[in-house]
Amino acid sequence: MKRTTTLLLSMTLMMIFSNHLQAQDTETIKKDGLTLNFTNQDPTFDPALKKRMIETFFKVYPLLAEEYNKNIDKEVYFVIDTAYDGVAATGGVK
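Now for a quick tour of the structure. Just so it is clear, the model here is predicted, and its values are computed rather than measured.

### Description of the nonpolar core
Leu36, Phe38, Phe57, Phe58 and Phe78 are the most contacted members of the largest nonpolar core, which has 15 residues in total. When contributions to this core are tallied by element, the ones reaching two or more residues are β3 (34-40), α2 (47-68) and β4 (75-80). The element that contributes the greatest number of residues to this core is α2, accounting for 6 residues. Leu36 has contacts with Glu27, Thr28, Ile29, Ile54, Phe57, Phe58, Val76 and Phe78, leaving out every residue within four places of it along the chain.

### What about the pairing of β3?
Among the 7 residues in β3, 7 count as buried, and that is most of the element. Hairpin connection between strand β2 (residues 26-31) and β3: a loop of 2 residues separates the two successive antiparallel strands, and Asp32 in this loop has a positive phi of roughly 50°. Across 6 bridges, the pairing between β3 and β4 is parallel. Bridge assignment links Asn37 to a residue of β4, and that residue is Tyr77. Each parallel crossover has a hand, and for β3 linked through α2 to β4 it is left-handed.

### Overview of the side chain of Asn40
Looking at the secondary structure, you find Asn40 in strand β3. A polar side-chain atom of Asn40 sits 2.8 Å from the main-chain amide nitrogen of Asp42. Leaving out residues up to four positions away in the same chain, Asn40 has contacts with Asp25, Phe45 and Ile80.

### Quick look at the packing of aromatic side chains
Considering all chains together, one arrives at 5 aromatic pairs under this definition. Geometrically, the ring pair formed by Phe57 and Phe58 is edge-to-face, given 5.0 Å between the ring centres and 75° between the ring planes. Both residues of the pair, Phe57 and Phe58, belong to the buried class.

### Description of the environment of Thr28
Note that Thr28 resides in strand β2. Classification of Thr28 by relative accessible area gives partly exposed; the value is 44%. Separated by 48 residues in sequence, Thr28 and Val76 place their C-alpha atoms 9.8 Å apart. The contacts of Thr28, once residues within four sequence positions are left out, are Thr35, Leu36 and Asn37. Separated by 2.8 Å, the side chains of Thr28 and Asn37 make a polar contact.

### Focus on the environment of Thr44
Among the secondary structure elements, Thr44 is positioned in the loop between β3 and α2. Classification of Thr44 by relative accessible area gives exposed; the value is 68%. Side chain to side chain, Thr44 and Asp42 meet in a polar contact 2.7 Å long.

Parameters at a glance
- Residues numbered from 1 in each chain as written.
- Predicted model: local features only at pLDDT ≥ 70, side-chain atom pairs only at ≥ 80, totals over all residues.
- Heavy atoms only, no water.
- Core = buried A, V, L, I, M, F, W, Y, C linked by side-chain atoms within 4.5 Å.
- Buried < 20%, exposed > 50% of the residue type's maximum accessible area, 1.4 Å probe, protein only.
- Helix = DSSP H or I, 4+ residues; strand = E, 2+ residues; numbered from the N terminus.
- Contact = heavy atoms within 4.5 Å.
- Pairing = 2+ DSSP bridges.
- Right-handed = clockwise from strand over helix to strand, strands pointing away.
- Polar contact = N/O pair within 3.5 Å; in protein donor to acceptor, adjacent residues only side chain to side chain.
- Phe/Tyr/Trp six-rings, centres within 6.5 Å; stacked < 30°, edge-to-face > 60°.

Shown next as structure tokens:
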């Protein structure tokens, strides 16, 4: 379980941007006290993958919070940006 949780945490961190991004194609999904802002800037991005990412976030993020850090951000940003040339990024203002 720890190995799976660590892998999912790594995957989640690669996709999460906790900074406040302004975009015209942002979908906001609220569930169980969490808000996910999903911005897709790639017109070829698979909608089925987007759906799985959203479902995975709402399933895994609370579990990770419970195990590692109960003081999580309640609003998270996923950004699919084809212009970004790095591997992955996370950020946040505390």
